[in-house]
Structures are given as C-alpha cells and as structure tokens.
Amino acid sequence: MKEIIYVQAGNGSNHVGTHFWNAQQSYFTYNPDEDVLVDHDVSFREGVSPRGEPTYCPRVLQFDRKGTFVLLFPSHGPSLSDGTVDEIRQDQIPDIAYQTQLDQEADENDFVGPQDPKTSSLLPPLRASDIRYWSDYNRVHYLPRSMHRLPDLAEWETADGDWQGGRETFLRYDSENALMDDSFRLFVEECDTFQGLQLCTDNASFGSFVNSLLMAFRDEFPKQPTLMFAVMSDVVPGNLEIDDVRGIRKALNDALCLRGLNELSTMTVPLQSPSNWRPGSWTAELTTDLQSIYEASGVLSAHFENVTLPLRLKVRESLYGFCQQLNVYGNTPFAELSGAFRRPLSIRDVTRGWPELRCPGTQVREARSSRRALQDLIPTGTAWFPHSLHAPIEYPLPSSFPSFFRAKDLRVELRHTSQGILTRPRSVPMLSTLASGWLLPRLFSQYADFVGACVRRKIDWATLGIDKDEAQQLRDDLWTLRDNFGEGSELASNEDGEEGLDEG
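These remarks concern the structure in this document. Computed from a predicted structure; not experimentally measured.

Below, the discussion takes up the overall build of the protein chain. Counting secondary structure elements, the protein chain contains 12 helices and 14 strands. In the protein chain, which comprises 504 residues, the share counted as buried stands at 55%. Residue pairs at least 24 apart in sequence account for 77% of intrachain contacts in the protein chain once pairs closer than 6 positions are excluded. With an accessible surface of roughly 22200 Å², the protein chain has 47% of that area assigned to carbon and sulfur atoms.

The structure is reproduced here in structure tokens:
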C-alpha cells in the first residue's frame, strides 16, 4: 500500500494544508549524494508539464470559497466571453513581496517542480499582517483538478453550523461537477496501490460537506482507511446561552460531525479551534499571535505534519496500521493530538517533563512532575494505555513558516554571509503525539450534556436544521461514544459537572 489522497476543506484547513505542503516540499533533495528520508510518491504525483518537463503536484482535493483562490486564479486571464454580454472585472489583487520574489525565481530558473528551499536569493520575511489568503505563502504547484471553488456567500449569509445546507451543497456540487467521478477518480486511477484518505476540515463551515463526501467515498471504498483531522468550531458547549442560536447551531453541527465520523472514518482527531487556545508553558518559547490564522495554523500544521510523517517515510507505516494502533479495542476511532516545539525527540528526555497542547479539550495540561514517563501522563486507575506515535526527525522550516520563535537561533533574521545568502535555521526539534487519552470521553460528555440540555429546554428546532427526536438520538449516541472508552468515561463525566446550556 502506498499512495494517499488528501482532502482539505475550509479556509482554516487550507491554511493548515498550505503549511503542510510547503513542509513536504522542503523534504525534496537536489543533491544525488543526500540521503532520501521521505517517499514523495506517497503524497505527490509526477507528471509532465505542457513543455514536456517533469513536474510534481500534491495529490490533494482543496475545497474553499472562490474568494480564497484569488491569487491562484488571477482575474486578468483571457476572456471567455463571446461578445454578447458585458463583462465586469475587479482590479487584480497584487501579490505580496514574498510571492512576487518566489515567482521571479521560478521564471528565472524555468522552474516547474518543487521549489528548492536552499535558494541563494533573499526572500522578504513574512509577517502575519502581510497575509491575506493562504495562497499568499503557497510554495507548491497544484493541478487544476485539485482546486474546487465553491460560490462565495453574500455578506449576510453564513455556512457555519448549517448541517443540512452543507450536505445539500455537496450533493449539488458533486452533481454539477462530477467531483467523485472525475477529479477524485482520476487521482485514484493514477495510483499504483491507493491506500486511503487523509483529511483536514473546518467543522463549522465544511463538516457536513465532508461528511457527505465520505459517504460517497464509502459507497465505493468501504474498507479503505481514512484519517480525519477535524477542526472544531469556536464555541464551547458549556458556555452557551439559551438565546445564542448561532452558537447552538455550531455546537449541534460539531456533535453531528463527531457522530458521523464515528461511522465513516477509520480514525478521527478532533482539534480545538485555535481561537479557544490558551497561552501556557507550551507558548513559553513562542511569540505566536493566536488570533492570526497564518500563525495559529502554522502551529497546528507542524504537529499535524510531524505526527503523520511515519506514513511518508521510505520505511513507512501503512495508513491502516497507523489507525489501528490508536484503536486497539475497535470501538474508539478517535485520538488526541499533543505536542510542543523546541523539545527533545528522545523519549528518555521526556521524563524530565514537557508541556502538552491538548487540541480536543478546552485547556492546556502540563506534566507537573519532572520524573514521570510519557505513559504516566494518563490518570492512574484508567482502563486504557496511551498509544502514541511521533516523528523521528526535526520539523523543517521553509521560508514561508512563521518566525514566532523566541530563541535567537530560531528567529528569522536578515543576516548575510560573505556570499550574500540569507541564513535561517532549516529545522526545529519538536515532539508530537497521537494518543487515545483521557480528554476524549470528556469531549463526548460535554456534547452529550449540551444536546441533552437542548432537548429539555424550549428551543426553536426549525432554526437548527434538526428536530427534537433526532436530537434525542444524537444525545444517546454521544453517551455511547463516551461509554466506549471504558472506566475513564466515568472519570470524565464526574469531572465535568456541566449541563451544557446556560439559561442566564
């Protein structure tokens, strides 16, 4: 089993994906004497450009609104009008200095493949304030069939929390564009041994869209493994007020997504929205602006890339085996992502203590003892063991990655050697893990409590896209998901003590 097809859906997920693909590009080697650690054919497909030159493009399907693709589809291209209608175009949005310099290098080198990160020219530093779209700092080339542009919404419209609307959008888009029969199938047919999907989605805006995509995928590939990274919405169920209709819609949508992924995905990693992250010791060596989607997605993508690297190494883990290690009992297809920058990669060194960013939960948890081993981070008396995976090499730092490190040796500085080459570190040590841990039953308890509170109170179900009977079934299903984690689910429930909906 070899090739993986990737799916990115939503603005936040495409920011994560842009960092991800830029990191993949950094693994390319250009010196025949260098050791090759990564098998690029797992994630990239090789083809021939119109000029007959070899080119590598990610094997990915990207879904977002049209406006976010603006730099990849410039508005000044040749007109398709036949002259019978008037055509109105907005002014072209200019590239930022970083992207302009990157394009000039490509033209000068007649470049069509992955960019060489060891460039000899000086690239302007990137700042969060410079970034308007994820395409501003994109460094790779995509196939046209990779990019799927959904219609922009009017200013007064929102797709957030619209479960039914997302499903209808997928069915309409698939019908009009033959998504599964054309774009997706072409990627599958190019694979020698297609092994499965790796997905990242924004639950709020694209959760039900991707849920429907997975249903279509399962119709044809019922046994192929899928690894889903689901970025939850920015609402916390226990903090919602009864008149917050928009927040309730998003929380119900999250709950529906979790239940659907339990049935459709081999392994799902729920990720806390970056807007809800809290600074802690894990940010001690970072100057990250957690409100910047460019910087926050850089943190998330680094752990996302680092923990899945074993799937892309020359001597690699299969996607199926990777997922099975995290679901040893067969009924808990969920995992937690944790990690920290600037931490040693040796498990022995971990016993000195390291901070964790627990993405599915609502707070940062730290190892307080300097002598506890990695497995001791799980509370005593629980019935499960943390099955963890982490990458064996340092995370690469392409020039597109945020320069938010406090350490002087990791900050991007405009320094030059005598040859005029920009010097900056090319990698950073970090530790990333996936584990079946104690926060997952707590997560399901919170959403089950929240849905149960909705059922008990007078709520206008017509505005939520789900009726009361469906909500009751959803509540029961969420309690079942929690109970599947065994004794630890009782501990999580006792610690919560929340009803999930505040009438105040």
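Burial of strand β8 (residues 267–271) is extensive: 5 of the 5 residues sit out of reach of the surface. Alternating positions in β8 separate into two faces, Met267, Val269 and Leu271 on one and Thr268 and Pro270 on the other, with burial throughout. With respect to chirality, the unit in which strand β7 (residues 226–231) leads through helix α6 (residues 245–264) into the neighbouring parallel β8 is right-handed.

On to helix α10 (residues 439–456), then. Taking 1.5 Å per residue, 18 residues should reach 26 Å; α10 reaches 26 Å between its end C-alpha atoms and fits that length. Within α10, 17 of the 18 residues are buried, leaving the element largely enclosed by the surrounding structure.

The subject of this paragraph is the sheet that holds strand β4 (residues 60–65). Two modes of strand pairing occur in sheets, parallel and antiparallel, and in both the strands are linked by backbone hydrogen bonds. Pairing is parallel across the open sheet formed by 6 strands, whose spatial order is β5-β4-β1-β6-β7-β8. Unpaired on one side and paired on the other, β5 (147–150) and β8 mark the two borders of the sheet. When the angles between neighbouring strand axes are averaged without regard to direction, this sheet yields 10°. Here 4 bridges tie β4 to β5, and the two strands are oriented parallel to one another. In the strand pairing of β5, Phe63 is matched with His148.

Moving on: the pattern of salt bridges. Applying the stated criterion across every chain, the model contains 13 salt bridges. The closest approach of N and O atoms between Asp130 and Arg127, which form a salt bridge, is 3.7 Å. Each of the salt bridges in this network shares a partner with another, and the network as a whole consists of Lys2, Asp39, Asp41 and Arg316.

Moving on to the side chain of His148. The residue His148 is located in strand β5 in this model. Classification of His148 by relative accessible area gives buried; the value is 5%. Within the structure, the side chain of His148 is placed 2.8 Å from the side chain of Tyr173, a separation counted as a polar contact. If near-sequence neighbours (up to four positions away) are discounted, His148 is found in contact with Leu61, Gln62, Phe63, Asp64, Phe69, Tyr173, Leu179 and Ser183.

Inspection of the secondary structure puts Ser400 in the loop between β12 (395–396) and β13 (427–428). Residue class for Ser400 comes out buried when judged on its relative accessible area of 1%. The residues contacting Ser400, other than those within four sequence positions of it, are His19, Asn22, Tyr98, Leu126, Tyr137, Arg139 and Tyr294.

Okay, unusual backbone geometry next. The backbone of Ala178 shows a phi angle near 50°, a positive value even though the residue is not glycine. The residue Ala178 is located in the loop between α3 (163–177) and α4 (179–190) in this model. The exposure class of Ala178 is partly exposed, given its relative accessible area of 30%.

Another point: the packing of aromatic side chains. If you walk through the whole model with that rule in mind, you get 28 aromatic pairs. With a centroid separation of 4.9 Å and 75° between ring planes, the pair formed by Phe334 and Phe444 is classed as edge-to-face. Here Phe334, found in the loop between α8 (319–325) and β9 (336–341), pairs with Phe444, found in helix α10; they are 110 residues apart in sequence, far enough to count as distant. For Phe334, a relative accessible area of 1% translates into the label buried. Classification of Phe444 by relative accessible area gives buried; the value is 0%. Every member of this aromatic cluster is reached through a ring pair, and the members are Tyr6, Phe20, Trp21, Phe28, Phe44, Tyr56, Phe229 and Phe304. A cation over an aromatic ring shows up here: Arg145 above the ring of Phe187, its NZ or CZ 4.4 Å from the ring centre.

Now for the nonpolar core. Membership of the largest hydrophobic core comes to 56 residues, with the highest contact counts inside it found for Leu227, Phe341 and Phe405. In terms of residue count, helix α7 (residues 293–308) provides more of this core than any other element does, 7 residues in total. When residues no more than four places from it in sequence are discounted, the contact partners of Phe405 are Glu285, Leu286, Phe341, Leu397, Leu410, Arg411 and Val428.

Where α10 meets helix α11 (residues 468–483), the axes come as close as 8 Å, and the angle between the chain directions of the two elements is 160°. The orientation of α10 relative to α11 falls into the category roughly antiparallel. You can see that α10 and α11 cross each other, and the crossing is left-handed. Contacts between α10 and α11 involve Pro441, Phe444, Ser445, Tyr447, Ala448, Asp449, Val451, Gly452 and Val455 from the former and Lys468, Ala471, Gln472, Leu474, Arg475, Leu478, Trp479, Leu481 and Arg482 from the latter.

Right, let's talk about the environment of Tyr27 for a bit. In this structure, Tyr27 sits in the loop between α1 (11–26) and β2 (44–48). Relative accessible area serves as the criterion here: at 13%, Tyr27 is assigned to the buried category. On a C-alpha basis, the gap between Tyr27 and Tyr395 in space is 9.9 Å, while along the polypeptide they are 368 residues apart. If near-sequence neighbours (up to four positions away) are discounted, Tyr27 is found in contact with Val38, His40, Glu305, Leu309, Ile393, Glu394 and Pro396.

Definitions and cut-offs
Residues numbered from 1 in each chain as written. Predicted model: local features only at pLDDT ≥ 70, side-chain atom pairs only at ≥ 80, totals over all residues. Heavy atoms only, no water. Helix = DSSP H or I, 4+ residues; strand = E, 2+ residues; numbered from the N terminus. Buried < 20%, exposed > 50% of the residue type's maximum accessible area, 1.4 Å probe, protein only. Contact = heavy atoms within 4.5 Å. Areas by Shrake-Rupley, 256 points an atom, 1.4 Å probe, with all protein chains shown as cover. Right-handed = clockwise from strand over helix to strand, strands pointing away. Expected span 1.5 Å × (residues − 1). Pairing = 2+ DSSP bridges. Axes fitted to C-alpha atoms, helices over the stretch in contact; angles between N-to-C directions. Salt bridge = Lys/Arg side-chain N within 4 Å of Asp/Glu carboxyl O. Polar contact = N/O pair within 3.5 Å; in protein donor to acceptor, adjacent residues only side chain to side chain. Phe/Tyr/Trp six-rings, centres within 6.5 Å; stacked < 30°, edge-to-face > 60°. Lys NZ or Arg CZ within 6 Å of the ring centre and 35° of its normal. Core = buried A, V, L, I, M, F, W, Y, C linked by side-chain atoms within 4.5 Å. Parallel < 35°, antiparallel > 145°, perpendicular 65-115°, else oblique. Left-handed = near helix turned anticlockwise from the far one by under 90°.

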